[in-house]
Amino acid sequence: MAVAFTLFLSLLCFLQLAIRTHAAALTTAIGPNERICFYADVDKAGEKIGFYFAVQSGGSFDIDFEVKDPNEKTLLDGKRERQGDYVFTANTVGEYSFCFENDMSTLTEKLVDFDIMVESEPRREPSAKPGQIADQTSALEESIFRLNGMLINIKRTQKYFHTRENRGFDIVKSTKNRMFWYTVFESLAVIGMAVVQVYVLQTFFTKTGRRYKV
């Protein structure tokens with residue numbers, strides 16, 4: 001019975017944590033000289049907003065970004081950033097904007113992976129009822145919060161290696177294309193030089209000179 005009650009409390013705390021947290025993990029392509037904005041709603045003041053982004057491919061893997069509150073006040077901004085991970089408190093209720101701008105590129109498209117997470121403080125007030133149940137609930141909540149922090153760290157590590165993998169693949173693909181075209185041009189140059197040499201030699205040995213009768 002005690003084990004079942006503990007499992008029920010674990011499920012209840014986990015559901016409470018999941019309900020109070022909502023996130024959006026997306027990947028978007030941003031064309032040259034293009035500006036794209038995404039929005040997140042905050043229901044009450046004091047909520048935490050987590051914002052993560054990383055440029056996966058394109059150019060020098062950099063992008064301009066800007067975060068504004070509902071009053072159009074700039075909270076975060078950056079120029080030619082490769083990636084970022086920020087957490088800030090939303091003091092104003094309303095719609096927050098998260099914008100990316102690929103203004104530095106005239107030909108290259110950028111692929112950006114980003115995550116916007118809005119969460120309230122999930123910790124509850126300590127129970128007014130003394131006893132073993134309240135102690136178990138408090139200890140259980142602490143364990144869940146520690147587990148949640150560990151999962152967040154694992155998620156960030158996965159994002160880091162995912163970004164490195166995509167960038168490495170993009171560099172390999174770019175190097176492969178350069179080597180291919182370099183080989184094509186080198187082959188054409190060798191063929192052109194061979195044709196010119198054959199033509200010069202043929203012209204030299206078949207040229208007719210003046211003939212004199214003795």
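Residues numbered from 1 in each chain as written. Predicted model: local features only at pLDDT ≥ 70, side-chain atom pairs only at ≥ 80, totals over all residues. Heavy atoms only, no water.

A few points about the confidence of the model for the chain
Item 1. Counting all residues, the mean pLDDT for the chain is 77, and 76% of those residues have values of 70 or more.
Item 2. In this model, residues 1-22 is a region of pLDDT below 50 whose contacts with residues beyond four sequence positions or in other chains number 28 contacts. (pLDDT = per-residue confidence, 0-100. Contact = heavy atoms within 4.5 Å.)

Section: the sheet that holds strand 7 (residues 94-101)
Item 1. Read across the open sheet, the four strands follow the order 2-7-4-5; overall the sheet is antiparallel. Edge positions in the sheet fall to strand 2 (35-42) and strand 5 (74-81), since each has one partner strand and no second. Neighbour-to-neighbour, the strand axes of the sheet open up by a mean angle of 10°, direction not taken into account.
Item 2. Strand direction decides the pairing type here: strand 2 and strand 7, joined by eight bridges, are antiparallel. From the neighbouring strand, Y39 faces strand 7, where its bridge partner is S97. (Pairing = 2+ DSSP bridges. Helix = DSSP H or I, 4+ residues; strand = E, 2+ residues; numbered from the N terminus. Axes fitted to C-alpha atoms, helices over the stretch in contact; angles between N-to-C directions.)

What to know about the pairing of strand 5
Item 1. Sheet topology places strand 4 (residues 63-68) next to strand 5; five bridges connect them, and they run antiparallel. Counterpart to V67 in the pairing with strand 5 is L76.
Item 2. Hairpin remark: strand 4 followed by strand 5, antiparallel, with five residues in the connecting loop; positive phi at E72, about 65°.

Remarks on the state of the cysteines
Covalently bonding the sulfur atom of one cysteine to the sulfur atom of another cysteine gives a disulfide.
Item 1. In this structure the tally under the stated criterion is one disulfide.
Item 2. Between the sulfur atoms of C37 and its disulfide mate C99 the distance is 2.0 Å. With the S-S dihedral at roughly 105°, the linkage between C37 and C99 falls on the right-handed side. Highlighted residues: C37 in strand 2 and C99 in strand 7, separated in sequence by 62 residues.
Item 3. Residue classification places C37 among the partly exposed residues on the basis of a relative accessible area of 27%. (Disulfide = S-S within 2.5 Å. Buried < 20%, exposed > 50% of the residue type's maximum accessible area, 1.4 Å probe, protein only.)

Let's talk about the packing of aromatic side chains
Item 1. Applying the stated criterion across every chain yields a total of twelve aromatic pairs.
Item 2. Relative to F114, the ring of F38 has its centre 4.6 Å away and its plane inclined at 45°; by these criteria the two rings are tilted. Of the two residues, F38 is situated in strand 2 and F114 in strand 8 (residues 110-119); the sequence distance between them amounts to 76 residues.
Item 3. The structure contains a cluster of three or more aromatic residues connected by ring pairs, namely F38, F51, F53, F65, Y86, F98, F100 and F114. (Phe/Tyr/Trp six-rings, centres within 6.5 Å; stacked < 30°, edge-to-face > 60°.)

Observations regarding the pattern of salt bridges
Item 1. Under the criterion given, the structure shown has five salt bridges.
Item 2. Two residues, K110 and D62, come together in a salt bridge whose shortest N-O distance is 3.1 Å. With K110 in strand 8 and D62 in the loop between strand 3 (47-57) and strand 4, this residue pair connects regions lying 48 residues apart in the sequence.
Item 3. Here K68 makes a salt bridge to E72, at a shortest N to O gap of 3.8 Å.
Item 4. Each of R35, E66 and E101 takes part in salt bridges that share partners, so that together they form one network. (Salt bridge = Lys/Arg side-chain N within 4 Å of Asp/Glu carboxyl O.)

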